[in-house]
Amino acid sequence: MEESNEKSRMEETKKRGRSVIVSLDGSEASDAVLDWSISQILEKEDELTLMHAVEYGMVNRASFSSGVAVLAGLNETVKKNAKTRGEKYLQKMSKRAESQGMKPHALQLILAPPTVPLKMSVSQYIEEEKPDLLICGSRGMGALGRAFLGSTSDYLVHNSSCTVIIAKDSHVSTKPPAQLKEGTKDENKKDENEIETSSENLESETKRSVAVSVDGSQMSEDVVDWCVTNVFRKGDEVVYVHAAEYGVTHYAGMGGTAFIVNVNSQLRDHAAKRGTKLLQHIAARSTKKGFKPSALKLLMAPLGLSSKATLCDFADDCNPSLFICGSRGLSAIGRAFVGSTSDYLMHNAKCPVMIVKTPGKEEKNESAVDTPNAEVTSL
């Protein structure tokens, strides 16, 4: 009876399409992010938007006596050329998606004003669109670099109110789409035939391993609820994981070393019991909501290692298709010198990381200040 209820809930969930934006930057790695998104994340019912943002340089000073009119004409030409290149790129990526059975719902080109950083223009667009999910790649950066300069993906994670997936290079491939098999006799098939062939790949659900971090907070329960509705697929191997830290005493008092060992053992046992109870509670909640997990994993953070580092080691060892966690929000300086678990995993885990933003948990959007609006073109 329980399995029947779970199946019906999952089927009902799959009928509801999500609004998903895939951010593309024109690089080969970005092509791979799109392929990975179609294979691992997107569903047939989803409304997929391909978004590409471009900056265009402006000529600020004329080196000849032609005056302001010529200067304005040069700048308009620069902008027009950037727009033409962006449109061609989005059309190419749309065909790439269609060849894999996923026809985009929309193509959006963002022309960022020269006076505003590209990442702020993109963030502003995301907040206006309010998608269920944003997917982007990551180029990596040091902690101080992220705090004072920052990559686009890092900025979007901390300034977007929607859930964000950071696809990692180790899990995406720069090879041509999988459906374009080598050794095909007819190398000149029509586009519609390619789409028909590849749509079979989209139909056959890819089996995924998904790890979800839970910490006992209301936020982590909200994350589980959101994942049951919006992420999990039938056949997924889902493991809920909790990393427990426990205090260690170094003061022996009158009891000597034996006293320290005994107290520390009790602290560890107490933390383990709390962690086990938490995981059982989360598993029961998930099953009731419609998805029964494949496993529960309790991690005891070794002495001197934080829970976030322990989770990262686990992610690297088990190498899941997707690692999911919530976000509690920290300032840029806080992220650089202290850091949240989600921020740490985003920058250090080798696997793709999904950072879920549940209602009421949005971080402050730094791009919400008065800035010139980017020009958005729908193709």
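Quantities reported herein were computed from a predicted structural model and do not represent experimental measurements.

**Quick word on the sheet that holds strand 11 (residues 375–378)**
Okay, so step 1: With mixed pairing, the 11 strands of this open sheet are ordered in space as 8-7-6-9-10-5-4-1-2-3-11. Both outer strands of the open sheet, strand 8 (295–300) and strand 11, are each paired with one neighbouring strand and no more. Geometrically, the sheet is characterised by an average inter-axis angle of 20° between neighbouring strands, direction not taken into account.
Okay, so step 2: Where strand 1 (residues 19–24) and strand 4 (residues 133–137) come together, three bridges link them in parallel fashion. Considered in strand 4, the bridge of I21 is made with L134.
Okay, so step 3: Its contacts with the sheet place helix 6 (residues 152–159) against strand 4, strand 5 (163–167) and strand 10 (353–356), and it is angled at close to 160° to strand 5.

**Considering the pattern of salt bridges**
Okay, so step 1: Under the defined criterion, the tally for this structure stands at seven salt bridges.
Okay, so step 2: The closest approach of N and O atoms between D46 and R18, which form a salt bridge, is 2.7 Å. Here the residue D46 occupies a position in the loop between helix 2 (28–40) and strand 2 (47–55), and R18 occupies one in the loop between helix 1 (2–14) and strand 1, the gap between them amounting to 28 residues.
Okay, so step 3: D46 gets classed as buried once you look at its relative accessible area, which sits at 7%.
Okay, so step 4: Classification of R18 as buried rests on a relative accessible area of 6%.
Okay, so step 5: One continuous salt-bridge network, built from bridges that share partners, spans E221, D225 and R285.

**Thoughts on the side chain of D236**
Okay, so step 1: Relative to the elements of secondary structure, D236 occurs in the loop between helix 8 (218–230) and strand 7 (237–244).
Okay, so step 2: The exposure class assigned to D236 is buried, which follows from its relative accessible area of 5%.
Okay, so step 3: A polar contact of 2.7 Å, which involves the side chain of D236, links it to the side chain of R208.
Okay, so step 4: At 2.7 Å, the side chain of D236 and the backbone nitrogen of R233 are in polar contact.

**Looking at helix 12 (residues 341–348)**
Okay, so step 1: For helix 12, the full list of buried residues reads S342, D343, L345 and M346. Buried positions in helix 12, seen along its axis, are confined to an arc of 165° and lie on one side of it.

**Observations regarding the packing of helix 6 against helix 12**
Okay, so step 1: It is at 12 Å that the axes of helix 6 and helix 12 come closest, and there the two elements cross at 160°. On the basis of their axis angle, the class for helix 6 and helix 12 is roughly antiparallel. In this structure, helix 6 meets helix 12 at a crossing whose hand is right-handed. Between helix 6 and helix 12, the residues in contact are D154, V157 and H158 and D343, M346 and H347, respectively.
Okay, so step 2: Of the residues assigned to the contact of helix 6 with helix 12, the class counts are two nonpolar, two polar and two charged.

About the thresholds
- Residues numbered from 1 in each chain as written.
- Predicted model: local features only at pLDDT ≥ 70, side-chain atom pairs only at ≥ 80, totals over all residues.
- Heavy atoms only, no water.
- Pairing = 2+ DSSP bridges.
- Helix = DSSP H or I, 4+ residues; strand = E, 2+ residues; numbered from the N terminus.
- Axes fitted to C-alpha atoms, helices over the stretch in contact; angles between N-to-C directions.
- Contact = heavy atoms within 4.5 Å.
- Salt bridge = Lys/Arg side-chain N within 4 Å of Asp/Glu carboxyl O.
- Buried < 20%, exposed > 50% of the residue type's maximum accessible area, 1.4 Å probe, protein only.
- Polar contact = N/O pair within 3.5 Å; in protein donor to acceptor, adjacent residues only side chain to side chain.
- Arc of directions from axis to C-beta.
- Parallel < 35°, antiparallel > 145°, perpendicular 65-115°, else oblique.
- Left-handed = near helix turned anticlockwise from the far one by under 90°.
- Nonpolar A, V, L, I, M, F, W, Y, C, P; charged D, E, K, R; others polar.

This is a description of form; function is not addressed.
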